[in-house]
Amino acid sequence: MNAPPDDEQALTPADPWTALRVHTQARIALGRSGASLPTREVLAFGIAHAQARDAVHAALDVAALHRDLDGFGLPILEVRSAAATRAAYLARPDWGRRLDASSVEALMKCATPPDVLFVIADGLSAIAPQRHAAALLAATLPLLADLAIGPLVIATQARVALADAVAIALGARLVVSLIGERPGLSAPDSLGAYVTFAPKAGTTDAERNCLSNIRPQGLGYEDAARQLAGLIRAALVEGISGVALRFEEDIALPLFS
Amino acid sequence: MFRASIGVRSHVFGSLAELLAKASPFRSGDALAGVAAVSAEERMAARVALADLPLRVFLDQVLIPYEADEVTRLIVDSHDAAAFAPVASLTVGGFRDWLLSPRATTEALAALAPGLTPEMAAAVSKLMRNQDLILAARKIRVVSAFRSTIGLPGRLSIRLQPNHPADDPRGILASTLDGLLYGAGDACIGINPATDEPAKLRALWEMLDALIARHGIPTQSCVLAHVTRQIDAINAGAPVDLLFQSVGGTEALNRSFGVSLALLREAQDAGLSLKRGTVGNNVMYFETGQGAALSANAHHGLDQQTCEARAYAVCRAYAPLLVNSVVGFIGPEYLYDGKQIIRAGLEDHFCGKLLGLPMGVDVCYTNHAEADQDDMDTLLTVLGAAGVNFVMGVPGADDVMLGYQSTSFHDGLALRETLGLRHAPEFEDWLIRMQLIDVQGRLRSARELPAQPFGDAIEALSR
């Protein structure tokens with residue numbers, strides 16, 4: 001997608017301030033076709049939007065994720081939310097926060113209260129957990145070896161707060177939701193990690209801590225794992241999460257800081 | 001109780017709030033709130049009942065109790081009965097006819113605004129097709145000014161929005177220069193900061209102030225931090241032009257934003273005290289958007305469009321320069337697709353203008369909404385036809401800080417070319433002096449540009 005050479009014949013001469021591009025990832029000095037964008041820029045934007053749209057609508061390949069998570073030696077459970085379809089999921093966030101009836105029953109059968117529970121959820125980008133959840137867990141779990149880790153729970157059509165319902169059913173002290181973030185034009189596969197101590201019905205976002213943009217080109221697995229483990233330990237020691245959690249390193253921001 | 005019969009079926013609506021909600025065109029946020037009509041016929045029955053309702057009903061019945069909500073108190077206490085007189089005998093349906101008739105001239109509409117409550121504006125909009133919302137709004141002119149004059153007939157202004165995910169001043173300056181070179185920025189240069197840190201915010205105000213002063217740009221800067229941060233900055237001596245705040249239509253929503261009517265007055269007074277405007281004194285910039293009240297659980301059972309109209313009652317108490325409905329930002333659980341976003345954008349623009357506000361619209365969407373650039377092109381063009389005061393200008397329509405798609409500098413150029421819309425007059429003169437546009441107002445080709453527009457700034461960036 002390089003700009004074409006600027007010659008007298010070019011229909012879309014390069015903007016003389018193209019050098020400013022080094023200062024920002026914003027789409028500046030794009031050139032013009034009359035009042036509109038040059039064709040190459042219409043296509044570049046279209047590609048980014050297409051990838052984001054595909055990420056929103058991609059279904060989580062649960063079987064493949066199950067295989068990827070097999071090696072951790074933890075039981076693996078599968079649950080889904082009360083949103084039956086992707087369209088219902090997008091329109092009704094309240095349904096995406098509730099477990100469907102069969103999932104509630106499945107969880108009741110295997111309750112063994114853990115310290116820490118991981119819920120791996122599709123969220124708004126299933127390709128994010130598909131690509132990054134197993135690698136992040138591989139880096140994180142060794143840092144938590146002294147803690148009782150619950151089963152790995154794969155959740156579909158899930159919002160962040162669905163993890164609260166799972167944690168309540170399994171009696172977990174703390175839950176981590178590893179969930180696909182809303183895809184942006186620059187990254188369709190960012191994974192978020194939301195940490196909630198003593199989750200309950202009606203937990204607010206102010207009571208969670210969040211690590212964002214986890215992916216190799218963003219917050220890398222090793223860094224994310226170190227920060228996540230630190231956050232989990234701080235929340236367990238302090239007995240709280242969210243805005244009120246005092247944490248030495250300025251890394252895990254409350255959701256709406 | 002309100003009733004309407006369609007054929008053999010009789011429909012009953014228990015309250016004014018229920019009637020308004022069920023008369024609303026379908027949108028996902030009203031379904032999420034559980035206030036939408038349950039069938040298409042019930043929706044039409046609500047509209048039939050609403051059309052027969054005297055406008056005066058909205059003076060007698062408040063939707064949120066006077067004692068419980070300071071926005072209701074503002075609406076009731078500031079109502080101008082004399083201004084209301086010309087339409088006082090009309091029903092809601094009759095008011096729609098009046099708005100579209102030749103009697104509703106630009107002058108008559110301007111005189112009427114203080115006599116209308118937001119609920120009246122919301123009610124009549126629910127009986128109006130998109131075409132009606134365009135026809136009525138384009139008759140209304142609301143002009144505001146600071147260093148540029150915004151909202152004159154045949155003019156369109158752009159808020160230059162040069163956001164950067166880390167607030168890097170170089171990145172923000174690069175995007176700002178890009179926008180100015182594309183002829184954008186006559187509404188304001190407004191940065192959404194990622195940080196809340198006073199020193200970093202101060203650097204942004206200083207940078208924009210220096211740029212505007214150095215090049216004599218007839219525009220105003222704004223750093224869209226929380227309003228308390230902006231008041232603090234004024235007290236610390238920062239060069240603040242406009243004061244920004246997000247506001248909503250209920251006291252509870254404003255509380256969730258950390259503001260009250262008294263705090264907004266304090267902000268306006270702080271802005272006015274600096275006397276930085278040259279052609280006007282409108283110092284406030286407000287943003288609103290349908291769905292915000294429900295998302296904060298502060299909607300009191302009202303539909304989201306009625307809540308939004310009530311936000312305009314808040315805005316108009318402070319003589320703003322700019323009021324911006326950020327229509328598609330909130331996501332598909334409130335406005336599901338392009339159709340709902342387009343409808344909401346036209347409603348917000350019409351209701352705001354009707355209530356006397358200098359309305360702009362952030363024509364925008366997120367990647368999980370069923371919408372794309374084509375939908376935004378449509379909304380932008382119909383808003384241009386409706387006479388919108390200003391829209392956003394974001395590099396390439398891609399806001400790399402807020403993570404959503406708005407309108408680009410190019411979109412502004414396209415709308416100017418399609419509808420023959422010129423810049424704010426002071427900004428137009430400046431663009432001609434800078435040799436960036438020709439006398440027809442068209443951007444010069446990159447080959448015809450003067451050697452070094454903003455040469456010193458670009459040079460400073462490359463050091």
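Structure: above.
Since the model is a prediction, treat every value here as computed from it, not as a measurement.

A. Structural detail: the overall build of chain B. When its secondary structure is counted, chain B shows 22 helices and 14 strands. Here chain B has a C-alpha radius of gyration of 22 Å; the compact-globule value for 463 residues is 23 Å, and the two agree. Summarising its shape, the C-alpha atoms of chain B cover approximately 75 × 45 × 45 Å along the three principal directions. Put simply, chain B has 463 residues, and 64% of those count as buried. Of the contacts made within chain B by residues no fewer than 6 positions apart, 77% connect residues no fewer than 24 positions apart. Here chain B contributes 39 positively and 52 negatively charged side chains, and the mean placements of these two sets differ by 4 Å.

B. Structural view of the environment of Val87 of chain B. Residues and elements named next belong to chain B. Tracing the chain through its elements places Val87 in the loop between helix H6 (81–84) and helix H7 (92–100). For the pair Val87 and Leu50, spaced 37 residues apart in sequence, the C-alpha to C-alpha distance is 16 Å. Contact partners of Val87, with chain neighbours within four places excluded, come to Leu55, Phe95, Trp98, Leu112 and Leu116.

C. Representation of the packing of aromatic side chains within the structure. Under the criterion given, the structure shown has eight aromatic pairs over all chains. Relative to Phe454 of chain B, the ring of Trp430 of chain B has its centre 6.2 Å away and its plane inclined at 45 degrees; by these criteria the two rings are tilted. Taken together, the positions of Trp430 of chain B in helix H21 (residues 425–433) and Phe454 of chain B in the loop between H21 and helix H22 (455–462) put the pair 24 residues apart, joining distant regions of the chain. In textbook terms, an aromatic cluster arises when at least three aromatic residues are bridged by ring pairs, as seen for Trp17 of chain A together with Tyr182 and Phe409 of chain B. Above the face of the Tyr89 of chain A ring, Arg159 of chain A is positioned so that its terminal group lies 4.4 Å from the ring centre.

D. Here's a closer look at the sheet that holds strand S6 (residues 188–191) of chain B. All names here are of chain B. With parallel pairing, eight strands are arranged side by side in an open sheet as S7-S6-S5-S12-S11-S10-S9-S8. Each edge of the open sheet carries a strand with a single partner, namely strand S7 (221–223) and strand S8 (243–246). The average undirected angle you get between the axes of adjacent strands in this sheet is 25 degrees. Strand direction decides the pairing type here: strand S5 (residues 157–160) and S6, joined by two bridges, are parallel. Bridge pairing in S6 places Leu160 opposite Ile189. In the packing of helix H12 (residues 198–215) onto the sheet, contacts are made with S6 and S7, and the angle to S7 comes to roughly 170 degrees.

What counts as what
Residues numbered from 1 in each chain as written. Chains lettered and ligands numbered in written order. Predicted model: local features only at pLDDT ≥ 70, side-chain atom pairs only at ≥ 80, totals over all residues. Heavy atoms only, no water. Helix = DSSP H or I, 4+ residues; strand = E, 2+ residues; numbered from the N terminus. Rg over C-alpha atoms; globule rule 2.2 N^0.38 Å. Buried < 20%, exposed > 50% of the residue type's maximum accessible area, 1.4 Å probe, protein only. Contact = heavy atoms within 4.5 Å. Lys, Arg positive; Asp, Glu negative; His and termini not counted. Charge placed at Lys NZ, Arg CZ, Asp CG, Glu CD. Phe/Tyr/Trp six-rings, centres within 6.5 Å; stacked < 30°, edge-to-face > 60°. Lys NZ or Arg CZ within 6 Å of the ring centre and 35° of its normal. Pairing = 2+ DSSP bridges. Axes fitted to C-alpha atoms, helices over the stretch in contact; angles between N-to-C directions.

Any link to function would need more than the numbers given here.
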